[in-house]
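Understanding the architecture of this molecule
Now for the letters of each chain:
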Amino acid sequence: MLCRGSLRSAFCFGYASYGKLRLFFSKMADEFYELRNALVLGNYHQVVSEAQQVKPQSKKLEDIQLFNSDRDFIVAKAFIGLQQFDVAAGELRTSTKPALVAVRNLALFHKELSAGRTEVADAHVKDIAALLGDQPPNPALADVAAVACSASLVKRDVAASLRISMTWAAALDAATATRHVLELRALTVDGLLRLNRVEAADKEVQAMKAVDDDAILTILSGVAVAIRQGHAKVDKFREALNGLQEVIGRCCVTVPLLNMQAICYLGQGKATEAERCLLEALAKRSGDPDTIANLAVVSMHLGKPIEVVGRFVAQAKATSGALSQWAKTHDAMENRFQEAAATVGTS
C-alpha cells in the first residue's frame, strides 16, 4: 500500500514519463529534427547536402506545403551561415510565406551589412519586423520572431531582440510549440549574456530545462551560461565541458563546439589543450575568423613570439573583414592602447 507521499511521487514520475514520451513523439514527427540540430551546431554543409534527401511523412497537400516551406527556411539559414547570402536570397525571391520572406530579408541584411551599407541593411530589419506587425504571438509567426531577434542581435540592438524573444516565449504554449519556445528562450539567453546579466540568463536555461532538458539548444545554452560563470567559479568550466562532450557524443564535432571547448580549457589554465582544439577546428574550416582570433589569444597565453600572435590577428581581420564587429573592436582597443602608451611616453 502506498502512503500519500509515495502516491504523489508515483504520480509525478508518471507525469514526467508522459512528458518525455510526448517530446519523443514530437521529435519523431519533425522530419527536420536532425537538420535543425546540425544548423544549431554550425554544420551548414550537412544541412545543405542532406535537406533534399528528407521526405515528408504525410501525403496531405497542406502538410507537404508546410514541409517544403520548413525545408527552404532551414536551407536558407544554412546558406546564410556559409555567408552565401546571394544564394539564400535568390532561392527565395518568389516566396510569399512570412517565414521565407523573413529569412530572405535576413540574408540581404547580412549581405548589405558585410558591404558596409548599414542604412540599407537596417531597412531589411524593418521589413522583418513589419511581418510581425501588431499581431499577438502565435506559432505561425514564431520563426519570423526568431529571425527578427537574430537580426537585432547582429545589429547589437539587444533590447529590441529581448523584447521580442521574451514576449513570444512567454506567450507560446511550450507543450504544443516546444521547438519555437526553446529557440526564443535560447535567443533570450544570448541577449542577456551580452548584457552581462548572467543570473537572468541562468533562469532562462532553467525554464528551457523544464520544457526539454534533453534538447541540444537547452544544453548549449547551459554551456554558454556556465562559461560566463566560470570566471567566478572554475568548476563551471568543467560543467560546460561535460555539456559539450554530451553534444559531441550525440551529434558530431563542429567548429563552434571546438571553439567553445577551447574557451573552457583556457579558463582552466590549460592553454595547450585549448590550442589543440583550435588547430582541429582550423583543420575543419581553414578560414574561420573566430578560430583564428582565438588562436591569437591562446598563442599569447602559451608565450609564443609576438610575430606569431600578430600573424593570427592579421589573418582574423582578413577573414572576418575590416567591417566586422571583431575587427572594429580590435582596432578600437589597439588605438586606445597606442594613445595610452603615447601619453605615458610623454609624461
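To be clear, the structure that these remarks concern was listed above.
This text gives an overview of the structure that appears in the document. (Residues numbered from 1 in each chain as written. Predicted model: local features only at pLDDT ≥ 70, side-chain atom pairs only at ≥ 80, totals over all residues. Heavy atoms only, no water.)

The next point concerns the overall build of the chain. Helix and strand content of the chain: 18 helices and zero strands. Looking at the chain as a whole, 41% of its 347 residues qualify as buried. The contacts of the chain with a sequence gap of at least 6 include a subset with a gap of at least 24, amounting to 54%. Only carbon and sulfur atoms are counted for the fraction: they give 56% of the accessible area of the chain, which is about 18,900 Å². (Helix = DSSP H or I, 4+ residues; strand = E, 2+ residues; numbered from the N terminus. Buried < 20%, exposed > 50% of the residue type's maximum accessible area, 1.4 Å probe, protein only. Contact = heavy atoms within 4.5 Å. Areas by Shrake-Rupley, 256 points an atom, 1.4 Å probe, with all protein chains shown as cover.)

Take the pattern of salt bridges next. Per the counting criterion, the structure on display carries 16 salt bridges. Close ionic contact of Lys-111 with Asp-86 constitutes a salt bridge, the shortest N to O distance being 2.9 Å. With a gap of 25 residues between them, Lys-111 in helix H6 (residues 98–114) and Asp-86 in helix H5 (residues 85–91) connect regions that are remote in the sequence. Between Asp-288 and Arg-285 there is a salt bridge whose closest N-O contact spans 3.3 Å. Three or more residues are tied together by salt bridges with common partners; here these are Asp-30, Arg-36 and Asp-70. (Salt bridge = Lys/Arg side-chain N within 4 Å of Asp/Glu carboxyl O.)

Attention now goes to unusual backbone geometry. Within the chain, Gln-83 stands out as a residue other than glycine whose phi angle is a positive 65 degrees. In this structure, Gln-83 sits in the loop between helix H4 (61–81) and H5. Positive phi values are uncommon outside glycine, yet Asn-196 reaches one of about 65 degrees. Tracing the sequence through the fold places Asn-196 in the loop between helix H10 (178–194) and helix H11 (198–212). What makes Asn-196 exposed here is its relative accessible area of 55%.

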